[in-house]
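What the coordinates show
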Amino acid sequence: MENVFNENAAKDFVERYPDIPYEFALRIYTSRLIGSEPDLVLHGGGNTSVKLKAKNIVGEEEEILYIKGSGVDLASIEPEGFSAVDLTFLRKLRNVESLSDEEMETQMQIHKLELSWLNPSVESLLHAFLPHKYVDHTHADNVLVLTNQKHGEDIVKKALGSKVAVLPYTMSGLPLAKEVVSQYEKDTTIEAIVILNHGIFSFGEDAETSYARMVKYVNRAETFVQEGIRGKILMTPRVDIPPCREISVSVARVAQSVRGACAHQANDGSLRRFYVATRNTSDLVKASLSKEARGLCRSGVLTPDHVIRTKNRMVYIDRIPEKDDDLKEIIAREIEVFKQEYHDYFHCQVREKKVEREELDPYPRIFLVAGLGLLALGFTPKDTRIAADIAEHTIRAKLEADAIGEYVPLLDSHIFDMEYWSLQQKKLGKSSQPILQGQVAFITGGAGAIGFGIADRLIAAGAVVVLSDIAKSRLEKVRSILAKKYEESKVETIISDVTDYQSIERAFDEISGRLGGIDIVVPNAGIAYVAKIEALEPQKFDQAIAVNLIGTFNVIKASIPVFKRQGTGGNIVTISSKNVFDPGAAFGAYSASKAGAHQISKIAALEMAELGVRVNMINPDAVFGDEEVSSKLWDLVGPDRMKSRGLDYKGLKDYYRNRNLLKTGVLSEHVGNAVVFFASNQAPITGATLPVDGGIPAAFPR
Ligand code: ZN
């Protein structure tokens, strides 16, 4: 790891933030240097601080601790990512015997400089008690490889030298803060402190010194580890399993099955689904096929901070049988064992500690799968990626730790304290649960106006949306609008052709690898031609059938194995047309193919009810896009329609508005709202048709 502190870059930061003291700007700079190194901290792990003087509202000078806000990612931290607390008061807490979680939180809240600021890091007191202007803290992988050992203390001392103090593991908060400052006072020449099974703190009077010390000692740890593992075999391959042939298909099958098996009823009675992220670097695949694999899964986390993301242990799936039912059985069995052990761990700890806690869900977050690598679960796509990254680092670190000695994780008792610590739980946030939270929606024709409107409403309702289309640049445009409006992780795209069954199958496999599976399928891609039968070229008719009818069939058919493996039901909402009930002359290719799509959807409703999958149809009429995303359909047929009715674009819009009962324009978001209604299972409906057309008597379903 390189010391990348650069004078010019540091100056840039000071100039970039003219409204804050330069020492604070430098704090932001070196915090980001630390955050951008994944071997030091991962996603919100670690914390940094600076102590400054500032005038309060009555003009008195106060000492302030600027400390990273809880859960903030150091890599992209801004001034607002820090909290500021009255340092003089915090120091007095050293004289307090003990502090309950609630007291600690209250004291932090009432001594913040601004009420609106973030909750200060759970390690604030430690930063406050140390006298140094700058304190940096990381959970560096290489340091943990040294500490999580039978003789961790000796190894750390040997590797890092005499200027580093080593403390046994103590729970973060007041007790650890007291231990650390006493240790420092015993020997004020030390430059850093390592807490066994937790991480390392470095400190100094200026930002560069504290950062440089962190780099120096982490590098020493790395050198020691590299020398220790040189020439050693980290993994021995299992010989009893053939390597996977079609990795993407297997990943999809396992991800869908795991996702289904871990979906469970939440306290409010709704079905809680996970998203899944996959990792298959060659090292992980090798680890998954090694004799060490099960042991890697059985041993606990590198640092307790990780437990809220990954749980303490992982699940090992030792083979992938050909048959889906056999695969499901293996997965179900392993999850059952995991749940039982989690349950036992919880009850045992509660009993021993004589505390009352509400048990968290007992489902695993990490699966190591023979031949595939690892799968991570989380309630948001972001959570899954965090868990996957942590697990990837964990597996590598455990293998290295075993090569230089023996990996020894923390006792369950310490893990429990961290997992069920109210301050730690806050990092995960109390997310209110939108109605489609946890679901993945696949929309064909995703680059057009209706696809856009449907995606917009589904994301707003909590789903993650996958837009599919053949029009790459339009697709990217829709994606970027939605990503800007919501967040990047809420919208994915995939190029696929509904007329090609295999293309759809591949798309479903890929989506399952990225997100775990699919819950809502919206066959929406459509094309139209304006021509009377006499003039309609057979080839154009074929094309309409291929996209509108065969496309719908392909998407429905390809979804069936996915729904079966997940076993959690789902929704198909076919975007049909007002023309199915009320066709128009010169619109034969469109009306006939849409009628076919409508009919095949009804058949799907009959056949898929036993899977818990509901299939419903929406019949929109005359949905125009807007300037941002135009309707591809109306781009195609609009000019002909205008010509035949002698109207301009606005006139055509008015014409359609005035022909319905409610005299209203139909927007793509109206169609989207109807999709959300069906997809959210608010009423037991399948095989139904819902017109979204402003009211056209001739198109009333009957
Ligand atoms: Zn820590």
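Everything numeric in this text was worked out from a predicted model, so none of it was measured.

Rules and cut-offs
- Residues numbered from 1 in each chain as written.
- Predicted model: local features only at pLDDT ≥ 70, side-chain atom pairs only at ≥ 80, totals over all residues.
- Heavy atoms only, no water.
- Helix = DSSP H or I, 4+ residues; strand = E, 2+ residues; numbered from the N terminus.
- Rg over C-alpha atoms; globule rule 2.2 N^0.38 Å.
- Buried < 20%, exposed > 50% of the residue type's maximum accessible area, 1.4 Å probe, protein only.
- Contact = heavy atoms within 4.5 Å.
- Lys, Arg positive; Asp, Glu negative; His and termini not counted.
- Charge placed at Lys NZ, Arg CZ, Asp CG, Glu CD.
- Pairing = 2+ DSSP bridges.
- Axes fitted to C-alpha atoms, helices over the stretch in contact; angles between N-to-C directions.
- Phe/Tyr/Trp six-rings, centres within 6.5 Å; stacked < 30°, edge-to-face > 60°.
- Lys NZ or Arg CZ within 6 Å of the ring centre and 35° of its normal.
- Patch = residues over 30% accessible without salt bridge, like charges linked within 9 Å, V, L, I, M, F, W, Y side chains within 5 Å.
- Areas by Shrake-Rupley, 256 points an atom, 1.4 Å probe, with all protein chains shown as cover.
- Salt bridge = Lys/Arg side-chain N within 4 Å of Asp/Glu carboxyl O.
- Core = buried A, V, L, I, M, F, W, Y, C linked by side-chain atoms within 4.5 Å.
- Donors = N, O, S within 2.8 Å, 3.2 Å for Na, K, Ca; no water.
- Parallel < 35°, antiparallel > 145°, perpendicular 65-115°, else oblique.
- Nonpolar A, V, L, I, M, F, W, Y, C, P; charged D, E, K, R; others polar.
- Disulfide = S-S within 2.5 Å.
- Right-handed = clockwise from strand over helix to strand, strands pointing away.
- Polar contact = N/O pair within 3.5 Å; in protein donor to acceptor, adjacent residues only side chain to side chain.

Some details on the overall build of the protein
- A count of helices and strands for the protein gives 25 helices and 20 strands.
- Compactness check: the protein gives a C-alpha radius of gyration of 29 Å against a globular reference of 27 Å for 702 residues, within 12% of the reference.
- With the principal axes as the frame, the protein shows a C-alpha extent of 95 × 70 × 50 Å.
- Taking all 702 residues of the protein together, 56% fall into the buried category.
- Counting only contacts in the protein whose residues sit at least 6 apart along the sequence, the fraction spanning at least 24 positions is 74%.
- Counting 84 positive and 94 negative side-chain charges, the protein places the centres of these two groups 3 Å from one another.

Remarks on the sheet that holds strand β2 (residues 61-68)
- Spatial strand order, β3-β2-β1-β4-β7-β6-β5: seven strands in an open sheet with mixed pairing. Edge positions in the open sheet fall to β3 (82-86) and β5 (164-167), since each of these has one partner strand only. In this sheet, neighbouring strand axes are inclined to one another by 20° on average, regardless of whether the strands run parallel or antiparallel.
- Sheet topology note: the strand β1 (residues 47-55)/strand β4 (residues 134-138) ladder contains four bridges and is antiparallel.

Quick word on the packing of aromatic side chains
- Taken as a whole and judged by the stated rule, the model has 16 aromatic pairs.
- For the pair Y345 and F416, a centre-to-centre distance of 6.1 Å together with 75° between the ring planes defines the contact as edge-to-face. Pair noted here: Y345 is in helix α14 (residues 324-353) and F416 is in helix α16 (residues 412-419), with a separation of 71 residues, a long-range link.
- Taking the relative accessible area as the measure of exposure, F416 reaches 2% and is therefore buried.
- Ring geometry for F587 and Y590: centres 4.9 Å apart, planes at 40°, overall tilted.
- In this arrangement the basic side chain of R16 is found over the ring face of F13, its NZ or CZ atom lying 4.3 Å from the centre.
- Directly above the ring of Y342 sits K311, whose terminal nitrogen or CZ lies 4.0 Å from the centroid.

Topic: a negative patch on the surface
- There is a patch of like negative charges on the surface, built from E7, E205, D206 and E208.
- By the element assignment, E208 lies in helix α9 (residues 207-229).
- Note on E208: relative accessible area 33%, which makes it partly exposed.

Comments concerning the nonpolar core
- In this structure, L146 and L160 are the most contacted members of the largest nonpolar core, which totals 52 residues.
- Ranked by residue count, the leading element in this core is α9, at nine residues.
- With 35 residues, the next largest nonpolar core counts L458, I481, I618 and V676 among its residues.

Describing the coordination of the zinc ion
- The protein atoms that coordinate the zinc ion are E123 (OE), H137 (NE2), H139 (NE2) and H198 (NE2), at distances spanning 2.1 to 2.7 Å.
- Mapped onto the polypeptide sequence, the residues donating to the zinc ion form the spacing pattern E-x13-H-x1-H-x58-H. Of this pair, E123 sits in the loop between α4 (101-110) and α5 (124-129) while H139 sits in the loop between β4 and α6 (141-147), and the two are 16 residues apart along the sequence. Across this residue pair, the class does not change: E123 and H139 are buried.

Points about the packing of helix α7 (residues 152-160) against α9
- Contact pair α7 / α9: the axes reach a minimum separation of 9 Å and the direction vectors enclose 110°. When the axis of α7 is compared with that of α9, the two are roughly perpendicular. In this structure, α7 uses I155, K158, A159 and L160 to contact α9, whose residues at the interface are Y217, R220, A221 and F224.
- Looking at side-chain class alone, the contact of α7 with α9 contains six nonpolar, no polar and two charged residues.

Digging into unusual backbone geometry
- A positive phi angle, close to 50°, is found at K354, a residue other than glycine.
- Mapped onto the fold, K354 is located in the loop between α14 and β12 (366-369).
- Positive phi, normally seen in glycine, also occurs at N681, with a value near 50°.
- Considering the arrangement of structural elements, one finds N681 in the loop between α25 (668-679) and β20 (689-692).
- A relative accessible area of 40% places N681 in the partly exposed class.

Let's talk about the state of the cysteines
- Within this structure, the stated rule accounts for zero disulfides.
- Cysteine C262 remains unbridged, with the sulfur of C297 as its closest cysteine sulfur at 14 Å.
- Under the relative-accessibility criterion, C297 is labelled buried at 2%.

Remarks on the pairing of strand β16 (residues 491-495)
- As paired elements, strand β15 (residues 464-469) and β16 share five bridges and run parallel to each other. Pairing of V466 across the sheet is with E492, part of β16.
- Chirality of the crossover, the property in question, places the unit of β15, helix α19 (residues 472-485) and β16 among those that are right-handed.

What to know about the side chain of H137
- Mapping H137 onto the fold places it in strand β4.
- On the accessibility criterion, H137 (0% relative accessible area) is buried.
- Of the polar contacts made by the side chain of H137, one reaches the side chain of E123; its length is 3.4 Å.
- A distance of 3.2 Å separates the side chain of H137 from the side chain of H198, its partner in a polar contact.
- Those residues in contact with H137 that sit more than four places away from it in its chain are V41, G46, N47, E123, H127, H198, G199, I200, F201 and M214.

Digging into the pairing of strand β10 (residues 275-279)
- Among the five residues of β10, four are classified as buried, and the element is accordingly described as predominantly covered.
- When β10 meets strand β13 (residues 373-378), the two strands line up antiparallel, connected through five bridges. Note that in β13 the partner of V276 across the bridge is L377.

What about a nonpolar patch on the surface?
- There is a patch of nonpolar side chains on the surface, built from L661, L662 and F700 and spanning about 330 Å² of accessible area.
- A relative accessible area of 53% places L661 in the exposed class.

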